[in-house]
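Residues per chain, in single letters:
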Amino acid sequence: MSVLAELPQSMARPRLEPRPQDPDVYARAKAEGLTALQARLLASRLPGYAEPLGPLVTPGLRYLAHPEKLADGRRAAERIAQAVTEGEHIGILTDYDVDGITSHVVIRRTLVELFGVPESKLHSLIGHRIHDGYGISLPLVERTLNLTPRPTLVITADCGSSDEPRIARLAAEGIDVVVSDHHALPEEGPPASAYACVNPTRSDCDYPDATIAGCMVAWLVVSLARGVLIEWGALPAATPKLSPWLSYVALGTVADCVSLGASPANRAVVTQGLKLINRMEAPCFRAMAERLGPDSVPFDAETLAFQMGPRINARSRLDDPYAALHFMLAESDAVAARQLGILEDDNQSRKAIEAEMAAEARTLAAESLAADEKAIVVFVEDGHPGVQGIVGSRLVQAYGRPALVLTRASAPGMLTGSGRSIDGLHLRDALQRTFELAPEALPRFGGHSGAAGIGLPEERLAEFKAAFLRAVEEQLGDAPLYPRLWTDGELEAGQLDLATLGELEALGPYGREFDPPLFEGRFIVDSLRPVGADGTHLMMELSAGPITLKAIWFRALTPGELPAFAMGDTLHCAYKLNRNRFRGRESLQLMVEHAEPL
């Protein structure tokens with residue numbers, strides 16, 4: 001009997017629950033001319049939202065706040081401008097994930113192509129996830145200090161806010177550090193040794209949106225540096241703006257799972273960035289479209305989230321991250337295709353490692369689930385640290401509770417971990433409380449509400465887990481936890497057409513805190529057959545009244561498993577509407593997320 005079979009059914013199968021609706025948002029949306037269906041979607045995704053809906057419904061760059069509003073923004077921009085005008089060597093130090101890689105591209109292309117900095121004056125500093133760890137790690141500091149000639153300025157992106165000891169080491173060696181980041185700051189505030197710290201989560205920051213991604217912070221900082229250089233007469237007033245780089249910002253924003261809900265800024269940059277991407281002017285985007293096939297164009301936010309993002313991330317999960325950077329910076333289709341081939345191979349390896357580790361993590365989680373603990377903490381002794389976060393997400397999806405997945409760190413006696421959260425739990429705040437309860441059991445942590453990373457001594461794992469469970473319980477209280485799928489209710493049979501899909505697409509982009517529409521309904525199975533290399537996907541024809549549609553359910557089965565239903569059965573489905581493109585023709589198909597026979 002499988003572990004899932006031994007668990008209560010509520011833990012094994014998600015519940016379909018309708019999203020709560022905000023009647024005020026619904027009424028305002030209708031009054032502004034949106035359809036009843038569009039108003040319904042907004043009312044369930046923007047509860048309590050009292051600001052004008054226009055900036056969210058019709059996103060535009062005019063809604064971006066000026067970067068001068070960023071605390072330390074002007075100081076950071078002037079230091080970068082000084083380094084440019086005086087010919088200093090500059091280090092670009094970024095995280096290894098998609099947000100960090102796209103930040104790196106934005107900074108590097110701006111310095112070289114707009115500010116005229118020679119390539120020989122730049123140093124790319126990207127840590128190795130496994131050997132170096134996150135942020136301004138000690139190995140990265142040593143690497144920087146060993147450069148010849150050394151940089152006199154290091155610009156970070158998507159990291160640095162919690163790295164005061166390493167920044168102090170660089171500062172002591174005469175290297176100024178400009179931090180640009182979006183992760184939550186430690187309680188003591190910005191790193192004191194940094195020349196400047198630009199982070200919209202700072203308590204003294206006037207920038208109106210603290211949810212922007214690290215790549216967006218970097219884009220704003222170097223945009224401000226452009227303005228400073230023009231003011232100083234070091235650049236002509238006609239120097240192009242950084243708008244073309246919003247293609248990279250869109251990718252990093254979507255892949256980093258920052259809010260696409262009540263954030264005019266994020267919705268604006270993703271909307272504009274997708275327009276730029278779909279011009280297919282950059283070799284990296286052309287290479288991706290070639291690999292995904294002609295029917296993949298135009299890209300949407302889900303293409304970035306589930307196709308492009310994972311391939312870029314896969315490299316840093318398993319190996320040196322520089323192939324991802326070379327892919328994004330490729331100047332020819334041939335180079336982009338070659339680098340993408342490396343990323344693709346890594347992504348396939350990542351999938352295999354992830355599947356094996358997720359299976360072990362589910363087995364280890366059984367004890368916590370049986371005890372009805374509010375969070376899952378598992379130590380996968382032989383697990384790969386590069387897939388901790390993905391495996392954590394799988395546990396959250398399966399069991400409806402926050403999850404931390406730990407593996408051994410490169411330092412003897414230490415563990416490293418990655419966590420994913422649920423609605424209602426701010427994960428970094430829970431870790432801050434854990435630190436207060438057991439400081440020696442959590443020497444290093446960082447992140448934001450939905451995701452976080454940790455490091456702790458193996459001998460203190462039990463102490464850490466007890467403190468973390470207490471911190472989680474303090475936030476969640478007695479709220480019942482179980483896997484659930486929030487749905488947008490039912491559609492009438494007459495709404496199952498491309499026109500309805502057009503209504504939904506008009507409200508995009510979709511992403512975190514602005515989930516793609518998911519509907520539920522009852523359908524009769526007209527046909528079904530397993531597909532895919534291992535037969536784990538189901539291709540079906542489903543009918544509702546006079547309407548018959550093709551449907552695909554990915555990962556519906558485990559290898560060798562047979563469906564629990566047959567032709568003629570009635571299914572209760574949770575599904576999305578999808579535009580199927582094939583040889584230039586479009587048709588509607590259903591993407592099934594969950595189904596149970598009635």
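Definitions and cut-offs
- Residues numbered from 1 in each chain as written.
- Predicted model: local features only at pLDDT ≥ 70, side-chain atom pairs only at ≥ 80, totals over all residues.
- Heavy atoms only, no water.
- Pairing = 2+ DSSP bridges.
- Helix = DSSP H or I, 4+ residues; strand = E, 2+ residues; numbered from the N terminus.
- Axes fitted to C-alpha atoms, helices over the stretch in contact; angles between N-to-C directions.
- Buried < 20%, exposed > 50% of the residue type's maximum accessible area, 1.4 Å probe, protein only.
- Contact = heavy atoms within 4.5 Å.
- pLDDT = per-residue confidence, 0-100.
- Parallel < 35°, antiparallel > 145°, perpendicular 65-115°, else oblique.
- Left-handed = near helix turned anticlockwise from the far one by under 90°.
- Nonpolar A, V, L, I, M, F, W, Y, C, P; charged D, E, K, R; others polar.
- Core = buried A, V, L, I, M, F, W, Y, C linked by side-chain atoms within 4.5 Å.
- Polar contact = N/O pair within 3.5 Å; in protein donor to acceptor, adjacent residues only side chain to side chain.
- Arc of directions from axis to C-beta.
- Phe/Tyr/Trp six-rings, centres within 6.5 Å; stacked < 30°, edge-to-face > 60°.
- Lys NZ or Arg CZ within 6 Å of the ring centre and 35° of its normal.
- Salt bridge = Lys/Arg side-chain N within 4 Å of Asp/Glu carboxyl O.

Colleague: Would you mind going over the sheet that holds strand S17 (residues 585–597) with me for this structure?
Modeller: Strands pair in a sheet through their backbones, by hydrogen bonds, and they do so in one of two ways: parallel or antiparallel. Strand order in the closed barrel made by the 5 strands is S13-S14-S15-S17-S16, with mixed pairing throughout. With direction set aside, neighbouring strand axes in the sheet form an average angle of 45°. Where strand S15 (residues 547–553) meets S17, 3 bridges bridge the pair, whose relative direction is parallel. Directly across from Lys550, in S17, lies its bridge partner Gln589.

Colleague: Got a minute to help me understand helix H4 (residues 36–45) in this structure?
Modeller: Counted residue by residue, H4 has 8 buried out of 10 residues, so it is predominantly covered. Taken together, the buried positions of H4 are occupied by Leu37, Gln38, Ala39, Leu41, Leu42, Ala43, Ser44 and Arg45. In this structure, the buried residues of H4 make contact with helix H3 (23–31), helix H5 (54–57), helix H20 (498–505) and strand S13 (519–531).

Colleague: Teacher, can you tell me more about the confidence of the model for the protein chain here?
Modeller: Note that predicted coordinates carrying low pLDDT should not be read in detail. With 98% of its residues at a pLDDT of 70 or more, the protein chain has an overall mean of 93. Residue range residues 1–11 is modelled with pLDDT below 50. Its contacts to residues more than four positions away, or to other chains, number 18 contacts.

Colleague: Looking at this structure, I do not really get the packing of helix H13 (residues 283–292) against helix H16 (residues 333–370). What am I missing?
Modeller: Helix packing for two helices is described by the angle between their axes and how far apart those axes are. Contact pair H13 / H16: the axes reach a minimum separation of 8 Å and the direction vectors enclose 60°. In terms of orientation, H13 and H16 fall into the oblique class. Read as a crossing pair, H13 and H16 show a hand that is right-handed. Of the residues in H16, those in contact with Pro283, Cys284, Arg286, Ala287, Met288 and Arg291 of H13 are Asp333, Ala336, Ala337, Leu340, Gly341 and Glu344. For the contact of H13 with H16, the per-class residue count stands at 7 nonpolar, 1 polar and 4 charged.

Colleague: Please explain the nonpolar core as it appears in this structure.
Modeller: Here is a general trend for soluble globular proteins: nonpolar side chains tend to be buried in one another's company. The biggest cluster of nonpolar side chains holds 126 residues, and the ones touching the most others in it are Leu111, Trp219, Phe327, Met328 and Leu542. Among the elements that line this core, the one with the most residues is helix H10 (residues 214–231), at 12 residues. Setting aside its immediate chain neighbours within four residues, Phe327 contacts Cys284, Ala287, Met288, Met308, Ile312, Ala336, Gln339, Leu340 and Leu343.

Colleague: Please explain the environment of Glu354 as it appears in this structure.
Modeller: Along the chain, the position of Glu354 falls in helix H16. Owing to a relative accessible area of 7%, Glu354 belongs among the buried residues under this scheme. Sequence spacing of Glu354 and Gln388 is 34 residues, and the spatial spacing of their C-alpha atoms is 8.4 Å. Each residue touching Glu354, except ones within four places of it in the same chain, is listed here: Val387, Ile390, Val391 and Arg394. At a separation of 2.5 Å, a polar atom in the side chain of Glu354 contacts the side chain of Arg350.

Colleague: What exactly am I supposed to notice about helix H9 (residues 164–172) here?
Modeller: Residue pairs spaced three or four apart in an α-helix point in one direction, given the helix's 3.6 residues per turn. Arg166, Ile167 and Leu170 are the residues of H9 that are buried. End-on view of H9: buried residues confined to an arc of 100°, all on one side of the axis. Turned more than 90 degrees away from the buried face of H9, the exposed residues are Pro165 and Ala172. Of the residues flanking the end of H9, it is Gly174, one or two places downstream, whose phi is positive at about 85°.

Colleague: What's the story with unusual backbone geometry in this structure? I'm lost.
Modeller: Most peptide bonds are trans, and most residues other than glycine sit at a negative phi. In this chain, Thr148 is followed by Pro149 through a cis amide linkage whose omega measures -10°. You can see Pro149 is positioned in the loop between helix H8 (138–145) and strand S4 (153–157). Of note, the bond from Val297 into Pro298 is cis; its omega dihedral lies within 30 degrees of zero at 5°. Structurally, Pro298 is set in the loop between H13 and helix H14 (301–318). Of note in this structure, Met280 is not a glycine but carries a positive phi near 55°. One non-glycine residue, Arg555, lies in positive phi territory at about 55°. You can see Arg555 is positioned in the loop between S15 and strand S16 (570–582).

Colleague: Can you walk me through the sheet that holds strand S9 (residues 414–420) in this structure?
Modeller: Taking strand neighbours across the sheet as the criterion, the 5 strands line up as S7-S8-S9-S11-S10 in an open arrangement whose pairing is mixed. Sheet topology places strand S7 (376–379) and strand S10 (444–447) at the edges, where each strand pairs with a single neighbour. Across the sheet, the mean angle separating the axes of adjacent strands is 15° when strand polarity is ignored. Pairing geometry for S7 and strand S8 (residues 403–408), over 4 bridges, is parallel.

Colleague: Looking at this structure, I do not really get the packing of aromatic side chains. What am I missing?
Modeller: The description of an aromatic ring pair rests on the distance of the ring centres and on the angle between the ring planes. Tallied over the entire structure, the rule returns 7 aromatic pairs. Note on Tyr248 and Phe285: the rings are 6.2 Å apart at their centroids and 25° apart in plane angle, and the pair reads as stacked. Taken together, the residues span a long stretch of sequence, with Tyr248 in helix H11 (residues 246–255) and Phe285 in helix H13 at a distance of 37 residues. A centroid spacing of 5.4 Å and a plane angle of 85° characterise the contact between Phe523 and Tyr575, whose relative ring orientation is edge-to-face. Here the residue Phe523 occupies a position in strand S13, and Tyr575 occupies one in strand S16, the gap between them amounting to 52 residues. Considered together, Phe523 and Tyr575 belong to a single accessibility category, that of buried residues. Within the aromatic cluster, the residues linked to one another by ring pairs are Trp245, Tyr248 and Phe285. We note Arg79 situated over the ring of Tyr195; from NZ or CZ to the ring centre the distance is 6.0 Å. Positioned over the ring face of Phe514 is Arg267, at 4.2 Å from the centre of the ring.

Colleague: Can you help me understand the environment of Ala430 in this one?
Modeller: One can find Ala430 in helix H18 (residues 427–437). Given the relative accessible area of 1%, Ala430 is considered buried. Separated by 37 residues in the primary sequence, Ala430 and Ala467 have C-alpha atoms spaced 9.5 Å apart. Every residue in contact with Ala430, bar those within four places of it in the chain, is listed here: Leu425, Phe468, Ala471 and Gln475.

Colleague: Even after reading the chapter, I still don't get the pattern of salt bridges, so can you show me in this structure?
Modeller: When charged atoms on two side chains of opposite charge get close, those side chains can pair. Under the criterion given, the structure shown has 37 salt bridges. Residues joined by salt bridges that share partners form a network here, namely Arg19, Arg45, Asp488 and Asp515.

Colleague: Help me understand the packing of helix H7 (residues 98–114) against H11, please; the structure alone is not making it clear to me.
Modeller: With their axes 8 Å apart at the nearest point, H7 and H11 run at an angle of 160° to one another. The angle between the axes of H7 and H11 places the two elements in the roughly antiparallel class. The way H7 lies across H11 gives a crossing that is left-handed. Residues Val98, Asp99, Thr102, Val105, Val106 and Arg109 of H7 pack against Tyr248, Val249, Leu251, Gly252 and Ala255 of H11. Its residues assigned to classes, the contact of H7 with H11 comprises 7 nonpolar, 2 polar and 2 charged.

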